[in-house]
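Residue strings, one per chain:
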Amino acid sequence: MLHHPYQLPQVCYFYLPSLNGKSAEVIAVLNCASDTIYIPVPEEDVQLHAFFQRSITPAESSGFGKEPMWRIFTTWCELESDHRKYGINPAVMDMLLNCRENKPLKDHLAVA
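Worth saying up front: this structure is predicted, and the values here are computed from it rather than measured.

Visitor: Looking at this model, I keep getting lost on the sheet that holds strand S2 (residues 25–30). Mind explaining?
Guide: Two orientations exist for strands paired in a sheet by backbone hydrogen bonds: parallel and antiparallel. The strand order across the open sheet formed by four strands is S5-S1-S2-S6, and the pairing between neighbours is antiparallel. Looking at the sheet topology across the chains shown, the edges are occupied by strand S5 (52–55) and strand S6 (69–73). Taken pair by pair, the neighbouring strands of this sheet meet at an average axis angle of 20°, ignoring direction. Pairing of strand S1 (residues 10–16) with S2, which is carried by six bridges, proceeds in the antiparallel orientation.

Here is the structure:
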């Protein structure tokens, strides 16, 4: 899915499950032009599809510019704290955090 010039810049979220002993990650791509990314891993690249998408905030835009920027989060707490700092709308943040159940990260797994 490519964005047309009249659309607002987007942030797309991708979930990379734990691979080869590496922790699972949520990858937020600012100024994202596609709902698919490829992650190089040994033997075969992994194709990920966005599970959530939102408009970029003015604070993110001024802080990160207009080029695509990958931001990697290994805990939902880290993602939530970062996003509050950049002024994500609380209703949008709640929708994103509702994805936690199907996208476990280190902090979520520790609640055993």
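Visitor: Help me understand the confidence of the model for the protein chain, please; the structure alone is not making it clear to me.
Guide: Looking at the protein chain as a whole, its pLDDT mean stands at 88, while 88% of the residues score no less than 70. Counted against residues more than four places away or in other chains, residues 1–5, with its pLDDT under 50, gives 10 contacts.

Visitor: In this structure, what is going on with helix H3 (residues 90–97)? I would like to understand it.
Guide: Since there are 3.6 residues in each turn of an α-helix, residues three or four apart along the chain are aligned in direction. Considered for burial, the residues of H3 that qualify are Met-93, Leu-96 and Leu-97. One face of H3 carries all of its buried residues, which in axial projection span an arc of 95°. Those residues of H3 that are buried lie in contact with S1, S5 and helix H2 (76–85). Of the residues that open H3, the one with a side-chain oxygen 2.7 Å from the backbone nitrogen of Ala-91 is Asn-89.

Visitor: Just checking my understanding: could you explain the pairing of S1 for this structure?
Guide: For a regular strand, the rule is simple: side chains alternate between the two faces of the sheet. Of all seven residues in S1, seven are buried; the element is thus mostly enclosed. Residue alternation in S1 divides its side chains into two sets, Gln-10, Cys-12, Phe-14 and Leu-16 and Val-11, Tyr-13 and Tyr-15, and both sets are buried. In this structure, S1 lies alongside S5, joined through four bridges in antiparallel fashion. Within S5, the residue paired with Tyr-13 across the bridge is Phe-52.

Visitor: Is there a simple way to explain the pattern of salt bridges in this structure?
Guide: Close approach of charged atoms allows side chains of opposite charge to pair. Per the counting criterion, the structure on display carries four salt bridges. For Lys-22, the salt bridge goes to Glu-25, with nearest N and O atoms at 3.2 Å. Where Glu-80 meets Arg-84, a salt bridge forms, and the shortest distance between an N and an O atom there is 2.5 Å. Linking Glu-80 with Arg-84, this pair stays in helix H2, spanning four residues, or about one helical turn.

Visitor: What's the story with unusual backbone geometry in this structure? I'm lost.
Guide: The phi angle of most residues is negative, glycine excepted, and most peptide bonds adopt the trans form. One non-glycine residue, Asn-31, lies in positive phi territory at about 55°. Looking at where Asn-31 falls in the secondary structure, it is placed in the loop between S2 and strand S3 (36–39).

Visitor: Would you mind going over the side chain of Lys-103 with me for this structure?
Guide: Structurally, Lys-103 can be placed in the loop between H3 and helix H4 (106–109). Sequence-distant contacts of Lys-103, that is, excluding residues within four places in its chain, are made with Tyr-15, Phe-51 and Trp-76.

Visitor: Quick question: what am I supposed to make of the packing of aromatic side chains here?
Guide: For any pair of aromatic rings, the description consists of the separation of the ring centres together with the inter-plane angle of the planes. Inspection of the entire model under this criterion finds three aromatic pairs. Centre to centre, the rings of Tyr-13 and Phe-52 are 5.8 Å apart; their planes meet at 65°, and the pair counts as edge-to-face. One end of the pair, Tyr-13, is in strand S1; the other, Phe-52, is in strand S5, with 39 residues separating them in the sequence. With respect to class, Tyr-13 is no different from Phe-52; both count as buried. Centroid distance Phe-64 to Tyr-86: 5.3 Å. Interplanar angle 50°. Geometry classified as tilted. In this pair, Phe-64 is assigned in helix H1 (residues 58–64) and Tyr-86 in the loop between H2 and H3, connecting sequence segments 22 residues apart. By relative accessible area, which is 18% here, Tyr-86 ends up buried. Here the aromatic residues Tyr-13, Phe-51 and Phe-52 are joined through ring pairs into a cluster of three or more. Lying across the ring of Phe-51, Lys-103 places its NZ or CZ 5.0 Å from the centre.

What counts and how
- Residues numbered from 1 in each chain as written.
- Predicted model: local features only at pLDDT ≥ 70, side-chain atom pairs only at ≥ 80, totals over all residues.
- Heavy atoms only, no water.
- Pairing = 2+ DSSP bridges.
- Helix = DSSP H or I, 4+ residues; strand = E, 2+ residues; numbered from the N terminus.
- Axes fitted to C-alpha atoms, helices over the stretch in contact; angles between N-to-C directions.
- pLDDT = per-residue confidence, 0-100.
- Contact = heavy atoms within 4.5 Å.
- Buried < 20%, exposed > 50% of the residue type's maximum accessible area, 1.4 Å probe, protein only.
- Arc of directions from axis to C-beta.
- Polar contact = N/O pair within 3.5 Å; in protein donor to acceptor, adjacent residues only side chain to side chain.
- Salt bridge = Lys/Arg side-chain N within 4 Å of Asp/Glu carboxyl O.
- Phe/Tyr/Trp six-rings, centres within 6.5 Å; stacked < 30°, edge-to-face > 60°.
- Lys NZ or Arg CZ within 6 Å of the ring centre and 35° of its normal.

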